[in-house]
Structures are given as structure tokens and as C-alpha cells.
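# Structural description and commentary
Listed below are the residues making up each chain.
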Amino acid sequence: LKPPVRVAITGAAGQIGYSLIFRVASGEMLGPNQPVILHLIDLPFAMTALNGVVMEIQDCAFPLVQGIVATDNQQVGFKDVNYALLVGAKPRGPGMERGDLLKDNGKIFTETGKYINDHASRDIKVVVVGNPCNTNCLILANQIKDIPKENFTAMTRLDHNRAQHQLADKLGVHTSDIRKIAIFGNHSPTMVPYIDQMTAKNHKATVDQQWVTQTFIPTVQQRGAEIIKARKLSSAASAGNAAMNHITTWVNGTAEGDYTSMAIPSDGSYGVPKGLIFSFPVTVKNGKYSIVQGLPISPFYQGLLDKTIKELVDERIAVDHLLK
Ligand code: NAI
């Protein structure tokens, strides 16, 4: 066994936390040879519930769990942490404007950024799940002075996985047969599922454009809302699964000839303003991701890209006061 690593999960007493923590504890995220010390962070009011989660982890007798830190104190919570899955966020309440949501969460992620900068391990890898995740990550990364900015990412893997399922279903193949698709942009209804290079069973695969515009893209964009309608709760197990997938791929790499989707600081590729946290197709090798360059962007896709870029630029303007 390797020496243990510390994995922080915020919002640990919430829905996603409940599906995610046990899988991380079982070794599914970092592998069967990697012991973990779990850092479970939530707000003061949630500590009783979190204590219940801790008892359940103990009762699983996981061979890989070498310690549990359960706390509402971020200084303790992020101490020496190697991986952080930032799930905790303020949900959008009835009648709440997106701008208010950005501001409330802005405060949370400003604070978390300071604690991570001052207390986490210098090699920490962070994925922001709590919404609006791209801009939350932008605010967080802005607080970081002593850790490379590329270590701060946001999650669009759920959208990627959703797209993969829809395409596999349409083509009558298994999800794992679908390769070379990606999500560009914001984790929001403006996201852009890009499939012009898609392969199925290693052969170029196409689907008709009408299905893409009228069925596929709206289905992927609205899948979260569909699940809320059905479950009366937002997607949690699939979101937790995607957060784990994000980290696993970041650590282990992408398969040869494939790429994945991660929202990362833009370097200006594809005309995306520098610094925005933007989802790109990426390959990953030795724990480092790189944006897949030179994918052909049709006028159809350029129109969609322009919209999601504009939305993220507007979000950045709305939180400008937090980026000083
Ligand atoms: P939930 O409401 O069940 O749990 C959230 C937990 O976070 C609560 O226990 C709450 O006390 C805690 N929390 C809130 N602020 C916190 C803070 N500052 N520090 C630590 N903990 C804090 O919500 P659920 O269903 O688990 O979802 C969590 C977030 O994930 C939401 O923002 C949701 O929109 C987002 N999400 C993102 C997805 C993505 O694809 N990026 C997909 C699905 C959900």
C-alpha cells in the first residue's frame, strides 16, 4: 500500500456527499492501493447529520480508510489536503436571480480559496462541483497565490457522461464504445456538446443534424431538470460519480485516442478569453491535462460557443468585485 493521501469533500452532509464519500472510501476513485484520510467539511448546522455519515463510514470497516476528519472549520478541513471535491454551495432558492446566486457563492469560494492557499498541500488537485461551478472556481482560483492555477478545475464530466449515454443509445452501442466527444463551455444550459469527431467502436460515427439540434443537445442540456422532475431531488449519485471520474482521469490519464471534458483556466484556445474557467476537450498524461487543439469548429458550433463564452464573460463581470 502507498502512504495515505488526504481527500477533502465539502457539502459532505448533503445528497452528493452521501453517494460520493462511500465510493471514495472504497478505493474506487484512487485505486485499491491508495489509502485515504477523509476530510469531511460542512456547515455548523449540518454537524449532527455529518456525524451520522461518519458512523456509517466506520460501520463499513473500509480497509483503505486510515482516518476521518469531520469538521465545520475549514482551517482544519483543508490542512495538508491532496484532493478537494468542492460540492458544498448555496442552492438557488425560489425567486432567486442568478446574480444573487453568484454573489452568495462568491463569498463561500473566496473564503475557501484563502484556506486552501494557506493550509492545503502544494500539490492539491481541486474540482468544483457546487454551482455555478465554473465561476465559483474562477473566484476560488483568484485567491490562490502559492499553488499553480491549473490545479483548480470545475466539473463538466456529468454533462460529458450524459452526452455519451445519449449517443450510445442512439447508435446502439455501449457507452464505452463512444469516444472523441466533449463538452465546451459553461456547466449550464449553454454548454456545448461537441460530437463532430465522434467515433463508435473506433470508427467515425455520425448522427443526423436534425436529431443533434432538436433532440440530443436539448436532452443533454436539460437532463438535470428532467431528473429533478422525476426524483423531486437533483441528480446526486450521477453527479458524485462524475466528480470521482474527473479526479480518476486527472490522476490516471485519458485512454490513447480519446479525450475527456474538464472546465479549466482558458489559455486562449478556441478564442476563449484567457483565464475563464471553461470546459475544453482535454487529454491527460502523468497528472497533467492539455487542451486538444485544432478540432474543426463548424459555423453551427461557433454560434453555440459564442453564446457560452458570452455567458461566462457576463458571470465574470457579475463577480468582478470579488476578483480584485
Ligand atoms: P445538498 O443541498 O444536498 O448538499 C449541499 C451540502 O453543502 C449541505 O449539506 C450544505 O450544508 C453544504 N454546504 C453549503 N455551503 C457550504 C460551505 N460553505 N461549506 C461546506 N459545506 C457547505 O446539495 P447536493 O444535491 O449535494 O448538491 C451540491 C451542489 O452540487 C449544488 O450546488 C448543486 O447545484 C451542485 N451540482 C453540480 C453538478 C455539476 O454537474 N457540476 C451536478 C449536480 C449538482
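Since the model is a prediction, treat every value here as computed from it, not as a measurement.

### Overview of the overall build of the protein chain
Within the protein chain one finds 9 helices and 14 strands. For the protein chain, whose C-alpha radius of gyration is 19 Å, the value lies close to the compact-globule estimate of 20 Å for 324 residues. Along the three orthogonal principal directions, the C-alpha set of the protein chain runs to about 50 × 45 × 40 Å. Within the protein chain, the proportion of its 324 residues that are buried is 53%. Long-range pairs, those at least 24 residues apart, make up 72% of the contacts in the protein chain between residues at least 6 apart in sequence. Of the roughly 14,400 Å² that the protein chain leaves accessible, carbon and sulfur atoms contribute 53%. Here the protein chain carries 32 positive and 28 negative side-chain charges, and the mean point of each set is 2 Å from the other.

### Topic: the site of the ligand
In the region of the ligand, 22 residues are neighbours, and Gln15, Ile16, Asp42, Val129 and Asn131 sit closest. A distance of 3.4 Å separates a nitrogen atom of the ligand from a polar backbone atom of Gly11. Contact distances for the ligand include 2.9 Å between an oxygen atom and a backbone N or O atom of Gln15. Protein chains bury 83% of the 870 Å² of accessible surface belonging to the ligand in isolation. Of the residues belonging to the shell around the ligand, the class tally is 12 nonpolar, 9 polar and 1 charged.

### Describing the sheet that holds strand E11 (residues 203-204)
Pairing within the open sheet is antiparallel, and its 3 strands lie in the order E7-E10-E11. Edge positions in the sheet fall to strand E7 (178-179) and E11, since each of these pairs with one other strand and no more.

### What to know about the environment of Val251
Tracing the sequence through the fold places Val251 in helix H8 (residues 237-252). Sequence separation between Val251 and Ile16 is 235 residues; the distance between their C-alpha atoms is 21 Å.

### Comments concerning the pattern of salt bridges
Taken as a whole and judged by the stated rule, the model has 7 salt bridges. Glu28 serves as the salt-bridge partner of Arg23, at 2.7 Å between the closest nitrogen and oxygen. Glu28 sits in the partly exposed class, given a relative accessible area of 43%. One salt bridge connects Lys90 with Asp104, and the closest N-O pair in it is separated by 3.3 Å. Highlighted residues: Lys90 in the loop between strand E4 (83-86) and helix H4 (98-119) and Asp104 in helix H4, separated in sequence by 14 residues.

### Quick notes on unusual backbone geometry
Backbone torsion omega between Asn131 and Pro132 reads -5 degrees, so that peptide bond is classified as cis. Look at Asn202: it is not a glycine, yet its phi comes out positive at around 65 degrees. On the secondary structure map, Asn202 appears in the loop between strand E10 (199-200) and E11. Even without glycine at this site, Tyr270 takes up a positive phi of about 55 degrees.

### Overview of the packing of helix H6 (residues 157-171) against helix H7 (residues 209-231)
Where H6 contacts H7, the axes come no closer than 10 Å and their chain directions differ by 130 degrees. The orientation of H6 with respect to H7, classified from their angle, is oblique. As for the relative orientation of H6 and H7, their crossing is right-handed in sense. Facing H6, whose interface residues are Asp159, Arg162, Ala163, His165, Gln166, Leu167 and Lys170, H7 presents Trp211, Phe216, Thr219, Val220, Arg223, Gly224 and Ile227.

### Let's talk about the side chain of Thr110
When you line up the elements, Thr110 lands in helix H4. In this structure Thr110 touches Ile139, Gln143 and Leu322, once residues within four positions along its chain are discounted.

### A closer look at the packing of aromatic side chains
This structure, assessed with the given rule, holds 10 aromatic pairs. Taken together, a centroid distance of 6.0 Å and an interplanar angle of 55 degrees make the contact between Trp250 and Tyr289 tilted. In this pair, Trp250 is assigned in helix H8 and Tyr289 in strand E14 (residues 288-291), connecting sequence segments 39 residues apart. Judged by centre distance (5.1 Å) and plane angle (50 degrees), the rings of Phe278 and Phe280 are tilted. Taken together, the aromatic side chains of Phe184, Tyr194, Tyr270, Phe278, Phe280, Phe300 and Tyr301 make up a single cluster linked through ring pairs.

### Considerations on the state of the cysteines
The tally for this structure, following the rule as stated, stands at 0 disulfides. Between Cys133, a free cysteine, and Cys137, which holds the nearest cysteine sulfur, the sulfur-to-sulfur gap is 8.2 Å. We classify Cys133 as buried; its relative accessible area is 1%.

### As for H8
Compared with an ideal rise of 1.5 Å per residue, which puts 16 residues at 22 Å, H8 spans 22 Å between its outermost C-alpha atoms and is within 8% of the ideal. Three or more residues of H8 are buried, namely Ala239, Gly240, Ala242, Ala243, Met244, His246, Ile247, Thr249 and Trp250. Of the residues trailing H8, Gly253 is marked for its positive phi of about 95 degrees.

Reading the values: the criteria
- Residues numbered from 1 in each chain as written.
- Predicted model: local features only at pLDDT ≥ 70, side-chain atom pairs only at ≥ 80, totals over all residues.
- Heavy atoms only, no water.
- Helix = DSSP H or I, 4+ residues; strand = E, 2+ residues; numbered from the N terminus.
- Rg over C-alpha atoms; globule rule 2.2 N^0.38 Å.
- Buried < 20%, exposed > 50% of the residue type's maximum accessible area, 1.4 Å probe, protein only.
- Contact = heavy atoms within 4.5 Å.
- Areas by Shrake-Rupley, 256 points an atom, 1.4 Å probe, with all protein chains shown as cover.
- Lys, Arg positive; Asp, Glu negative; His and termini not counted.
- Charge placed at Lys NZ, Arg CZ, Asp CG, Glu CD.
- Near = heavy atom within 4 Å.
- Polar contact = N/O pair within 3.5 Å; in protein donor to acceptor, adjacent residues only side chain to side chain.
- Nonpolar A, V, L, I, M, F, W, Y, C, P; charged D, E, K, R; others polar.
- Pairing = 2+ DSSP bridges.
- Salt bridge = Lys/Arg side-chain N within 4 Å of Asp/Glu carboxyl O.
- Axes fitted to C-alpha atoms, helices over the stretch in contact; angles between N-to-C directions.
- Parallel < 35°, antiparallel > 145°, perpendicular 65-115°, else oblique.
- Left-handed = near helix turned anticlockwise from the far one by under 90°.
- Phe/Tyr/Trp six-rings, centres within 6.5 Å; stacked < 30°, edge-to-face > 60°.
- Disulfide = S-S within 2.5 Å.
- Expected span 1.5 Å × (residues − 1).

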